[in-house]
Amino acid sequence: MSGRYLVTGGAGFVGSHLVLALLRAGASVTVLDDLTTGHEAAVPEGARLLRGSVADAGTVERAFADGPYEAVFHFASLTLVGESMREPVRYMAENFAGAATLVQACVTHGVNRVVISSTANLFAEPERMPIDEDEAVIPGSPYGESKAMLERLLYWADRIHGVRGACLRYFNAAGADPEGEAGEDHRPETHLIPIVLDAAAGRRDPLTVFGDDYPTPDGTCIRDYIHVADLAAAHLAVLEPLRSRSVRYNLGTGKGHSVREVIAASEQVTGLKVPYTIGKRREGDPAVLVAASRRITDELGWRPRYADLATIVGHAWAWRQAHPKGYG
Ligand code: UFG
């Protein structure tokens, strides 16, 4: 793989794993990240880091001066569903402003392949489970709405400017680099697997399970945990079709796991008990979210390499054990 790629949000969880994948494939990478939630230490060695906001046109111009780029990957955004329920305007305004500035720069500089991080939160009222790409987009939060707006932005950028867009709807991104060079470190951490592992290791308070009265076999919510390295691989896989057309794919393993199953997998991997209590439901949590990823498998041959939950938890545990303070 040759040429240079721009990765916004390349200091974040999924973004940093994509940067690793690009570098390992032989590409050159510029990262644009304002480091408000990302970590400088998460930017893999060999990538160039430009610190600044993707919503600032001057900063984005400076990033494009580092090109020309083969393609742009856009991760930089606000990402917390719960926070977006308290700050809807900020979520929609900031996420849209960043993407709009970036896509405008792509048009100006003739970069006609853009990949954006989208989300399972587009599907608040799925008619079918697992959820495929024909499911109606009914966002579950202002965060999900902001991603729906980005998908529409890409639609019009394609139709009018010929900028091809890939909308990749991640289900529950999890795990860590199988070679141990990157991992998950959100501050504050709100995601189930890192919380479970840190609770098991005694690095934080016991886990609160958000509700055990859902209409699922064991009463806890079911999610489709997808390995972050598999997400990174999907980003590389869409580059070829983007030469001629826009695409959108739901990315998961097709298999759901309950919160109790995640706890059991963690206990099996670590050999440690996970201390937990049962709490109230968290507002906005759907009972079940599982992806149907047949379309990307059929069209591009992508399928998850690390679909097994114990493998996902095992990689997350290995990185966390090697980096108990995360990125420091
Ligand atoms: N959970 C707990 N206790 C915790 C944290 C989580 O019981 O302390 C439960 C949640 O209720 C949920 C499951 O564990 O049932 C997974 O929760 P996460 O917070 O890890 O993930 P979400 O499914 O809420 O959200 C994730 C991403 C979002 C994205 C969404 C798409 O974090 O960005 O998937 O469905 F929008």
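Computed from a predicted structure; not experimentally measured.

A few words now on the sheet that holds strand S11 (residues 247-251). An order of S3-S2-S1-S4-S5-S6-S11 is seen for the seven strands of this open sheet, with the pairing classed as parallel. Edge strands, defined here as strands with exactly one partner in the open sheet, are strand S3 (48-51) and S11. Recorded for the sheet is a direction-independent mean angle of 20° between the axes of neighbouring strands. Bridging between strand S1 (residues 4-8) and strand S4 (residues 69-74) involves five bridges; their strand directions are parallel. The residue bridging Leu6 from the neighbouring strand is Val72, located in S4. Along the sheet, helix H1 (residues 13-24) makes contact with S1, strand S2 (28-33), S4 and strand S6 (164-170), crossing S1 at roughly 170°. Contacts between helix H4 (residues 88-109) and the sheet are confined to S1, S4 and strand S5 (113-119), with S4 contributing the most and set at about 170° to the helix.

If you check the domain split of the protein chain, you get domain 1 (4-173 + 226-251) and domain 2 (192-223 + 255-322). Distance between the C-alpha centres of domain 1 and domain 2: 24 Å. Summing the contributions of domain 1 and of domain 2, the shared interface buries around 1900 Å²; its carbon and sulfur component is 65%. At the surface where domain 1 touches domain 2, the tally comes to three salt bridges. Linking domain 1 to domain 2 there are nine residue pairs in polar contact (both at pLDDT 80 or more). Elements represented by at least two residues in the side of domain 1 that touches domain 2 include exactly strand S10 (225-227), helix H7 (228-237) and S11. Take the side of domain 1 that touches domain 2: its biggest share by element is five residues, from H7.

About the cut-offs
Residues numbered from 1 in each chain as written. Predicted model: local features only at pLDDT ≥ 70, side-chain atom pairs only at ≥ 80, totals over all residues. Heavy atoms only, no water. Pairing = 2+ DSSP bridges. Helix = DSSP H or I, 4+ residues; strand = E, 2+ residues; numbered from the N terminus. Axes fitted to C-alpha atoms, helices over the stretch in contact; angles between N-to-C directions. Contact = heavy atoms within 4.5 Å. Domains from an automatic or database assignment. Buried area = accessible area lost by both parts, 1.4 Å probe. Salt bridge = Lys/Arg side-chain N within 4 Å of Asp/Glu carboxyl O. Polar contact = N/O pair within 3.5 Å; in protein donor to acceptor, adjacent residues only side chain to side chain.

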